[in-house]
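Spelled out from the first residue to the last, the chains are:
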Amino acid sequence: VQLQASGGGLVQAGGSLRLSCAASRHTFGVYAMGWFRQTQGKEREFVAAISRNDGSTSYVDSAKGRFTIPRDNARNTVYLQMASLKPEDTAVYLCAAAATPLALVPTTTQWYSYWGQGTQVTVSS
């Protein structure tokens, strides 16, 4: 499956952005979907994930209460809705797809077989 991320940009601290990740396959519903972020010189960090079927989600502690990860299986798209953004949220955000058992919400990169190209989010103070 091919993934195309979009929606990044420059935003002031306290602002909001919505990232989108469109998948190429109509079998989108068999994949759990995740968002990760990466800054130069650091390892890829888990941000949020959603299961393939029942809407179960998981978030990194720093994103809880600020980010949500809805998915629209009819549009083969997963989103990352980000609010109350902070300068430390600045990173390249990548979406990923994992073929998983039902209701699993994978939070580590090892689960994910497909990755999008990333979209830059910059939060100014």
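A short tour of the structure in this document, coming up. Predicted model only: the values in this text are computed from it and were never measured.

The rules behind these values
- Residues numbered from 1 in each chain as written.
- Predicted model: local features only at pLDDT ≥ 70, side-chain atom pairs only at ≥ 80, totals over all residues.
- Heavy atoms only, no water.
- Core = buried A, V, L, I, M, F, W, Y, C linked by side-chain atoms within 4.5 Å.
- Buried < 20%, exposed > 50% of the residue type's maximum accessible area, 1.4 Å probe, protein only.
- Helix = DSSP H or I, 4+ residues; strand = E, 2+ residues; numbered from the N terminus.
- Contact = heavy atoms within 4.5 Å.
- Lys, Arg positive; Asp, Glu negative; His and termini not counted.
- Salt bridge = Lys/Arg side-chain N within 4 Å of Asp/Glu carboxyl O.
- Polar contact = N/O pair within 3.5 Å; in protein donor to acceptor, adjacent residues only side chain to side chain.
- Disulfide = S-S within 2.5 Å.

Looking at the nonpolar core
Moving on, step 1. Membership of the largest hydrophobic core comes to 37 residues, with the highest contact counts inside it found for Met33, Trp35, Phe67, Leu80, Met82 and Tyr93.
Moving on, step 2. For this core, the secondary structure elements donating two or more residues are β1 (3–6), β3 (17–23), β4 (31–38), β5 (45–50), β9 (77–82), β10 (91–99) and β12 (119–124).
Moving on, step 3. For this core, the leading source of residues is β10, giving six residues.
Moving on, step 4. Filtering out sequence-adjacent residues up to four positions away, phenylalanine 67 remains in contact with Arg37, Val47, Tyr59, Leu80, Gln81, Met82, Ala83, Leu85, Asp89 and Tyr93.

Comments concerning the side chain of arginine 71
Moving on, step 1. Mapped onto the elements, arginine 71 comes out in strand β8 (residues 71–72).
Moving on, step 2. Salt bridges are absent for the buried arginine 71, whose nearest opposite-charge side chain, aspartate 72, sits at 8.3 Å.
Moving on, step 3. A polar side-chain atom of arginine 71 sits 2.8 Å from the main-chain carbonyl oxygen of tyrosine 31.
Moving on, step 4. Only 2.8 Å separates the side chain of arginine 71 from the side chain of asparagine 73, close enough to count as a polar contact.

What to know about the state of the cysteines
Moving on, step 1. According to the stated counting rule, one finds one disulfide in the structure shown.
Moving on, step 2. Through a disulfide, cysteine 21 is tied to cysteine 95; the S-S separation comes to 2.1 Å. Here the disulfide of cysteine 21 and cysteine 95 is right-handed, its torsion about the S-S bond being about 65°. Within this pair, whereas cysteine 21 is found in strand β3, its partner cysteine 95 is found in strand β10, the two being separated by 74 residues in sequence.

Notes on the environment of glycine 8
Moving on, step 1. Tracing the chain through its elements places glycine 8 in the loop between β1 and β2 (9–12).
Moving on, step 2. Considered as a pair, glycine 8 and tyrosine 93 are 85 residues apart in the sequence and their alpha carbons are 8.0 Å apart.

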